[in-house]
Amino acid sequence: MNATPATAAACGLLSCHVCGLVSRAPGTGGGTAHCPRCSARLHFRKPNGTSRAWALLIAAYIMYIPANLLPIMETSSLFGSENDTIMSGVIFLWSSGSWDLAGLVFIASILVPLMKLIALTLLLVSVQCRARWLPVQRTRLYRLVEQVGRWSMLDIYVVTILAALVQIGSLATITAGPAALAFGAVVVLTMFAAMQFDPRLIWDPFHQESQHHD
Amino acid sequence: MSPHPTVAKTITARPVIACHECDLLQRAIAVPPGGVARCRRCGGELYRAAHRRLDPTLALVLAAAVLFAVANAFPIVGLEIQGIRNVTNLFGAVQALWNQEMRPIAALVFLTTILMPAVNLAVMIYLLLPLKLGRRPAGLTVIMRVLQSVKPWGMLEVFMLGIIVALVKLTHFATVVPGLALWSFAVLTLLLAAAAASFNVRDVWDRAYPAPRGEVRA
Ligand SMILES: [Zn+2]
């Protein structure tokens with residue numbers, strides 16, 4: 001990289017996360033800065049973003065275990081009852097010939113949440129070590145986590161529709177299992193963790209002069 | 001070339017913007033309508049260029065609102081097993097979960113498929129109508145913050161995919177009767193994507209406050 005490019009924080013400028021306006025930070029007299037256009041609170045970096053993201057991420061890791069081990073769907077019919085975990089649901093789709101949907105559910109319910117947990121861990125660790133490797137790729141990874149995370153709600157919606165429709169007395173009844181709660185928690189917790197993470201921290205090690213931390 | 005804010009003022013000073021993903025300062029440049037300005041360091045999206053007219057966006061949002069109402073009012077799908085028929089719409093599905101003691105999940109489904117998309121559509125209409133008439137919407141700052149926090153939680157496109165997966169699972173042991181809401185959801189998903197692509201947050205601010213005080217230019 002040639003001469004260090006200027007960042008807003010290094011120049012004492014604040015950008016508003018609501019309306020995008022860049023304004024000069026008020027003098028170091030303390031107090032909180034507000035956006036001159038939309039009056040939102042301004043921060044150089046998301047306050048306590050990293051520690052909040054860690055807390056949410058660890059909670060998500062814990063919930064990930066019951067989400068995969070407990071049944072997400074309980075089916076009872078004349079032929080007995082059956083419990084489905086997320087994985088056995090994928091296997092059912094696969095063995096009944098819907099390979100494309102099996103692949104889709106596998107990606108949305110197993111791969112995406114796992115990749116999200118790993119990616120956020122990687123981002124948080126790298127930011128705390130003030131790592132300088134591959135900043136563009138790490139920023140891209142963060143963008144991917146933000147965009148793809150919502151798709152892991154897929155299984156929750158599938159269970160919702162099945163549980164509402166298949167209520168035919170003793171013939172067949174489907175109810176949502178405890179893993180649905182844990183899985184919903186994983187999705188929500190990782191979404192909040194991604195929101196708390198500040199991708200600008202990836203770039204801060206390249207700007208030694210930026211001492212403006214809020 | 002360098003967008004450093006301390007360089008001497010040029011004749012046409014443009015607003016300085018900071019990338020939300022890497023904090024790099026850059027001077028806002030003109031982008032052809034519908035185009036996207038990207039950060040030259042990290043490639044993050046800085047802003048989209050505004051369309052000249054708000055009408056297409058407004059039309060998309062209004063059409064989406066109508067379809068959203070239809071999608072919620074009519075059954076998504078019906079199921080027939082040995083002559084017994086069961087039908088559900090979206091709110092009925094939420095209620096079923098609620099009654100099965102899956103209240104947090106029922107709340108999550110309600111939020112992501114009904115409440116958040118409804119608030120999102122209402123807010124966009126509330127913003128676009130006055131702006132089209134050349135007025136600043138009342139309570140703009142609050143509304144824009146609501147829009148920002150609501151946006152990530154509307155997940156109708158994921159729900160649409162969920163319907164498809166559920167139907168495929170059901171066809172193995174029952175007769176599935178698609179309802180009107182199913183088609184509405186399909187079209188609604190496309191309309192919402194088009195509306196989101198054409199709705200421009202930066203343009204809303206620029207129309208409401210053409211030259212804000214305190215803005216750094218270079
Ligand atoms: Zn950038």
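Parameters and conventions
Residues numbered from 1 in each chain as written. Chains lettered and ligands numbered in written order. Predicted model: local features only at pLDDT ≥ 70, side-chain atom pairs only at ≥ 80, totals over all residues. Heavy atoms only, no water. Contact = heavy atoms within 4.5 Å. Buried area = accessible area lost by both parts, 1.4 Å probe. Salt bridge = Lys/Arg side-chain N within 4 Å of Asp/Glu carboxyl O. Polar contact = N/O pair within 3.5 Å; in protein donor to acceptor, adjacent residues only side chain to side chain. Helix = DSSP H or I, 4+ residues; strand = E, 2+ residues; numbered from the N terminus. Nonpolar A, V, L, I, M, F, W, Y, C, P; charged D, E, K, R; others polar. Buried < 20%, exposed > 50% of the residue type's maximum accessible area, 1.4 Å probe, protein only. Core = buried A, V, L, I, M, F, W, Y, C linked by side-chain atoms within 4.5 Å. Donors = N, O, S within 2.8 Å, 3.2 Å for Na, K, Ca; no water. Tetrahedral: all angles 85-135°; square planar, octahedral: opposite > 155°, others 65-115°. Axes fitted to C-alpha atoms, helices over the stretch in contact; angles between N-to-C directions. Parallel < 35°, antiparallel > 145°, perpendicular 65-115°, else oblique. Left-handed = near helix turned anticlockwise from the far one by under 90°. Domains from an automatic or database assignment. Pairing = 2+ DSSP bridges. pLDDT = per-residue confidence, 0-100.

**Student:** Tell me about the interface of chain A and chain B, residues and numbers included.
**Tutor:** Taken together, the contact pairs 67 residues of chain A with 65 residues of chain B. Counting the surface lost from both chain A and chain B, the interface buries some 6,000 Å², and carbon and sulfur atoms represent 73% of this. Three residues, Arg37(A), Tyr157(A) and Leu165(A), lead the burial of chain A against chain B; their summed loss comes to 13% of the area buried on that side. Scanning the region where chain A abuts chain B turns up 5 salt bridges. The residue Asp23(B) makes a salt bridge to Arg45(A) at a minimum N-O spacing of 2.9 Å. On inspection of chain A and its partner chain B, the count reaches 16 residue pairs in polar contact (both at pLDDT 80 or more). It is helix H5 (residues 154–165) of chain A that contributes the most residues to the side of chain A that touches chain B, 10 residues altogether. Of the residues in the side of chain A that touches chain B, the class split is 45 nonpolar, 16 polar and 6 charged.

**Student:** Give a description of helix H4 (residues 140–150) of chain B that names residues and reports values.
**Tutor:** Taken as a whole, H4(B) has its buried residues at Leu140(B), Thr141(B), Ile143(B), Met144(B), Leu147(B) and Val150(B). Along its buried surface, H4(B) packs onto helix H3 (103–132) and helix H7 (201–208) of chain B.

**Student:** Residues and numbers for the nonpolar core, please.
**Tutor:** If you look at the biggest cluster of nonpolar residues, it comprises 128 residues, and the most contacted ones within it are Ile76(B), Leu79(B), Phe159(B) and Phe185(B). Sort the elements by how many residues they give to this core and H3(B) lands first, with 13 residues. When residues no more than four places from it in sequence are discounted, the contact partners of Phe185(B) are Ala71(B), Ile76(B), Leu90(B), Leu156(B), Phe159(B), Met160(B) and Ile163(B). Counting 9 residues, the second largest nonpolar core, distinct from the first, contains Val22(A), Val16(B), Val216(B) and Ala218(B).

**Student:** An account of the coordination of the zinc ion is needed here, citing residue identities and associated values.
**Tutor:** All names here are of chain B. Ligation of the zinc ion by protein atoms is provided by Cys-19 (SG), Cys-22 (SG), Cys-39 (SG) and Cys-42 (SG), these donors lying 2.3 to 2.4 Å from the ion. Considering all 4 donor atoms around the zinc ion, the spread of angles at the metal, 102 to 115 degrees, places the coordination shape in the tetrahedral class. Read in sequence order, the donor residues coordinating the zinc ion give the pattern C-x2-C-x16-C-x2-C. On the criterion of sequence distance, the pair formed by Cys-19 in the loop between strand E1 (16–18) and strand E2 (25–27) and Cys-42 in the loop between strand E3 (36–38) and strand E4 (45–48) is long-range, its members being 23 residues apart. Under the relative-accessibility criterion, Cys-19 is labelled buried at 1%.

**Student:** Please set out unusual backbone geometry residue by residue, giving values where relevant.
**Tutor:** Even without being a glycine, Leu134(A) presents a positive backbone phi close to 40 degrees. Considering the arrangement of structural elements, one finds Leu134(A) in the loop between helix H3 (99–128) and helix H4 (135–148). Look at Leu134(A) and you get partly exposed, because its relative accessible area is 49%. Positive phi outside glycine occurs at Glu101(B), with the angle close to 65 degrees. Locating Glu101(B) in the fold gives a position in the loop between helix H2 (90–99) and H3.

**Student:** Report on the packing of helix H1 (residues 55–73) of chain B against helix H6 (residues 180–198) of chain B, specifying residues and quantitative values.
**Tutor:** All names here are of chain B. Contact pair H1 / H6: the axes reach a minimum separation of 8 Å and the direction vectors enclose 155 degrees. Accordingly, the angle class assigned to the pair H1 and H6 is roughly antiparallel. In the crossing of H1 with H6, the sense of the turn from one axis to the other is left-handed. Contact residues: H1 offers Thr-57, Leu-60, Val-61, Ala-63, Ala-64, Leu-67, Phe-68, Val-70 and Ala-71, while H6 offers Leu-180, Ala-181, Ser-184, Phe-185, Val-187, Leu-188, Leu-191, Leu-192, Ala-194, Ala-195 and Ser-198. Looking at the contact of H1 with H6 residue by residue, the classes come out as 17 nonpolar, 3 polar and no charged.

**Student:** Tell me about the domain arrangement of chain B, residues and numbers included.
**Tutor:** Entries for chain B in the domain assignment read domain 1 (5–48) and domain 2 (55–208). Taking the mean C-alpha position of each, domain 1 of chain B and domain 2 of chain B sit 33 Å from one another.

**Student:** I'd like a description of the pattern of salt bridges, backed by residues and values.
**Tutor:** Oppositely charged side chains can pair when the atoms bearing their charge come close. Taken as a whole and assessed by the stated rule, the structure comprises 12 salt bridges over all chains. Arg200(A) serves as the salt-bridge partner of Asp198(A), at 2.9 Å between the closest nitrogen and oxygen. Overall, the relative accessible area of 8% leaves Arg200(A) in the buried class. Where Arg103(B) meets Glu101(B), a salt bridge forms, and the shortest distance between an N and an O atom there is 3.9 Å. The exposure class of Glu101(B) is exposed, given its relative accessible area of 56%.

**Student:** Quick rundown of the sheet that holds strand E5 (residues 73–77) of chain A? Include the residues and the values.
**Tutor:** All names here are of chain A. On the basis of which strands lie adjacent, the open sheet formed by 4 strands has the order E6-E5-E8-E7 and antiparallel pairing. The open sheet terminates on both sides in strands that have one partner only, identified here as strand E6 (80–84) and strand E7 (167–168). With 5 bridges connecting them, E5 and E6 associate as antiparallel partners. Within the sheet, the bridge partner assigned to Glu-74 lies in E6 and is Asn-83. Against the sheet, H5 engages E5, E7 and strand E8 (172–176), with an angle of about 145 degrees to E8.

**Student:** How would you explain the confidence of the model for chain A if you had to name every residue and give the values?
**Tutor:** All names here are of chain A. Chain-level statistics for chain A give a pLDDT mean of 85 and a share of 93% at 70 or above. Per-element mean pLDDT across chain A ranges from 78 in E7 up to 94 in helix H1 (residues 49–69). Low pLDDT, under 50, characterises residues 210–214; the stretch is placed with 14 contacts to residues that sit more than four places away or in other chains.

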